Amino acid sequence: MKHIIMAFFFAGILISCNSSDKTKKEIQESSVMESQTKSTSDYINKQLKDIDTDEAFIATALMAAPKESRSKCKVIGYNMAGEFVTLKEGDNEFVILADNPNQDGFSAACYHKDLEPFMARGRALRAQGKTKQEVFAIREAEMKSGQLKITPGLTLQIYYGAKTVYDSATSKVEGAQLRYVVYMPWATSKSTGLPEIPMASNHPWIMEPGTHRAHIMISPLPEDRE
């Protein structure tokens, strides 16, 4: 009789454990399904669209500027007809260069208006068929002669990514992030105290030191990193 009672006792424990494991598994599976459903719902709610209209060029380009300044920024770039034009007039301190649809990925740049003569000179030289090295050399000489000027400390913000679709509700480009440039013509590692290569991932460093294009590079981590 004692053996029979013990058998029933252990059988009860086994059934209880199996039931508990089953319930736990069902809860975990339900949680996973809910998470997957939410992710799918969030993706659909993003209303992702191709950047293929003048309005989309403007909306996505403005994401390169500080939020409080976007409404008054001037936006320039290529329109749907392939013409380089002013896409949006503005009257604050920023000029924004919209994404070039003829290049892979997405890239929009927001910079201080006092940098526009320097930027415009680069665009003009490239339009003449000058190579990257030639553009660099010509602007270097013109900076040395005083024909071109960059006030130290002027900034440029680049909003970039590999994808060319955006959320039409928020204007955010899928997977895009920001990096920052602070122009410091002729600066070096010695004059600034910054290294010529990042000391660690996403740390600031000085790029093209000793030249007219010397600048501090800052690349923050993506906002949506896990």
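Up top is the structure these notes are about.
The sections below set out a description of the structure shown in this document. These numbers were taken from a predicted model, which means no experiment stands behind them.

Inspection of the secondary structure puts T188 in the loop between β8 (177-183) and α5 (189-192). Each C-alpha atom of the pair T188 and M207 lies 8.7 Å from the other, and the pair is 19 residues apart in sequence. Beyond its immediate stretch of four places on either side in the chain, T188 contacts I206, P209 and G210.

Next up on the list: the pairing of strand β4 (residues 94-97). Successive side chains on a regular strand alternate, one facing one side of the sheet and the next facing the other. Relative to β4, strand β2 (residues 74-78) runs parallel, the two being bridged by 3 bridges. Within the sheet, the bridge partner assigned to K74 lies in β4 and is V95. Taken together, the 4 bridges between β4 and strand β5 (residues 106-112) define a ladder with antiparallel strand orientation. Looking at β5, one finds that I96 is bridged to C110.

Take the pattern of salt bridges next. Counted by the stated rule, this structure contains 4 salt bridges. When the shortest N-O distance is used, the salt bridge between R123 and E116 registers 2.5 Å. The salt bridge partner of R121 is E142, with a shortest N-O separation of 2.7 Å. Of this pair, R121 sits in helix α3 (residues 116-127) while E142 sits in helix α4 (residues 132-145), placing them 21 residues apart in sequence. Looking at R121, the relative accessible area reads 25%, which means it is partly exposed. Look at E142 and you get buried, because its relative accessible area is 8%.

Along the chain, the position of K88 falls in strand β3 (residues 84-88). A distance of 2.7 Å separates the side chain of K88 from the backbone oxygen of C73, its partner in a polar contact. Those residues in contact with K88, other than ones at most four positions away along the chain, are I58, R70, S71, K72, C73, K74 and V75.

What counts and what doesn't
Residues numbered from 1 in each chain as written. Predicted model: local features only at pLDDT ≥ 70, side-chain atom pairs only at ≥ 80, totals over all residues. Heavy atoms only, no water. Helix = DSSP H or I, 4+ residues; strand = E, 2+ residues; numbered from the N terminus. Contact = heavy atoms within 4.5 Å. Pairing = 2+ DSSP bridges. Salt bridge = Lys/Arg side-chain N within 4 Å of Asp/Glu carboxyl O. Buried < 20%, exposed > 50% of the residue type's maximum accessible area, 1.4 Å probe, protein only. Polar contact = N/O pair within 3.5 Å; in protein donor to acceptor, adjacent residues only side chain to side chain.

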